[in-house]
Amino acid sequence: MSNNDNSDGISKKKAKHKRIVIRFALITLGALIMAIGLERVLIPNNLIDGGVTGIAMMASHITGTSLGLFLFLFNIPFLYLGYKQIGKSFTISVAYGIAVLSLATSFFPHGQAFTNDTLLATVLGGIMLGIGVGIAIRAGGCLDGSETLAILFNKKLPFSVGQIILFMNLFILGSAGFLFGLDRAMYSLIAYFIAFKTIDLVSEGFNQTKSIWIISDQSDEIGEAIMDRLGRGITYLNGKGGYTKDEKQVIFCVISRLEEAKLKSIVQDVDPTAFLAFSNMSEIQGGNFKKKDIH
């Protein structure tokens, strides 16, 4: 093996390690922002979040037990679903994010609220939660197991992931009315919508389907890696460079938004110089968008 091959291998490993460090640093940041939003904005004002976090908040309020404990326990079943749906690296990212969030809520226990104005707390809490979750999703993880459950239901029901999450959260936030009163449930619902829109802005639509075009001289290796490590099917297309006139093999693939970070990592591991083009897709019909289980 030549010195150039050795140096290329070392460079790829360093780049991969750097991406991993950045990913977990961003997930940590997102979890910390969310924890502060929960403990210093929403909870002191008797407001709750949606999803598994909302259920954990109500359980904590009823029992007087630590919120972090319920966050961790209630999300365990969804880690298995995430493993089957998206793969090992995604599950590790989610498990790490949930663990950090659970611990962080212990470091920011119920205390003096940033504001006692309910409307201001609603807006501020929604924004903080949206930013925290959005950062984690953009890094390739998430902080709430309801998203993986929605992806699973999406295969069985004629609704989008976003619609399923919305339905689940309407039920959860409606239940808050029995604990905190109807007015607090309504404010919680407003906070959820603000968080939902903020997540959309930060993560650029985490539940959207994306089409990817990949051009590389190592297209065969990239294609095999996508099918083996991501479980997605691909299509090879014949292309020709406009300036160079070189024959190129183009890879076309459709993935979910949550898989974008992992696909980028897969491609960069094989060929850091590969050309990638991403496009949001509003609807998919026909074909087989199901993916293989990843082990």
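Residues numbered from 1 in each chain as written. Predicted model: local features only at pLDDT ≥ 70, side-chain atom pairs only at ≥ 80, totals over all residues. Heavy atoms only, no water.

### Focus: helix α9 (residues 219-230)
Phase 1: If you check α9, its first and last C-alpha atoms are 15 Å apart, about what twelve residues at 1.5 Å a residue would give, namely 16 Å.
Phase 2: The complete set of buried residues in α9 reads S219, I222, G223, A225, I226 and L230. Angular distribution of buried residues about the axis of α9 spans 165 degrees; they occupy a single face of the element.
Phase 3: Of the surrounding secondary structure, the elements contacted by the buried residues of α9 are β1 (209-215), β2 (234-240), β3 (247-256) and α10 (260-270).
Phase 4: One or two positions beyond α9, positive phi appears at G231, with a value near 80 degrees. (Helix = DSSP H or I, 4+ residues; strand = E, 2+ residues; numbered from the N terminus. Expected span 1.5 Å × (residues − 1). Buried < 20%, exposed > 50% of the residue type's maximum accessible area, 1.4 Å probe, protein only. Arc of directions from axis to C-beta. Contact = heavy atoms within 4.5 Å.)

### Observations concerning the nonpolar core
Phase 1: Among the nonpolar cores identified, the biggest contains 43 residues, and M34, L38, I48, M57, L67, L101 and L143 are the most heavily contacted of them.
Phase 2: Of all the secondary structure elements, the ones that give two or more residues to this core are α1 (3-42), α2 (51-63), α3 (67-85), α4 (88-107), α5 (118-138), α7 (161-180) and α8 (182-203).
Phase 3: If you tally residues by element for this core, the top one is α7, at seven residues.
Phase 4: Ranked by size, the runner-up nonpolar core spans 15 residues in total, among them I212, I222, L230 and L263. (Core = buried A, V, L, I, M, F, W, Y, C linked by side-chain atoms within 4.5 Å.)

### Considerations on the pattern of salt bridges
Two side chains that carry opposite charge are able to pair once their charged atoms sit near each other.
Phase 1: Inspection of every chain in the model, using the stated rule, returns five salt bridges.
Phase 2: Put simply, E259 and R232 hold a salt bridge, and the shortest N to O gap is 3.1 Å. Separated by 27 residues along the polypeptide, E259 in the loop between β3 and α10 and R232 in the loop between α9 and β2 bring together distant segments of the chain.
Phase 3: Given the relative accessible area of 1%, E259 is considered buried.
Phase 4: Of the residues examined, R232 reaches a relative accessible area of 7% and is grouped as buried.
Phase 5: Between E260 and K264 there is a salt bridge; the shortest N-O distance is 3.1 Å. One end of the pair, E260, and the other, K264, are both in helix α10, four residues apart, so they sit about a helical turn from each other.
Phase 6: With relative accessibility at 8%, the residue E260 sits in the buried group. (Salt bridge = Lys/Arg side-chain N within 4 Å of Asp/Glu carboxyl O.)

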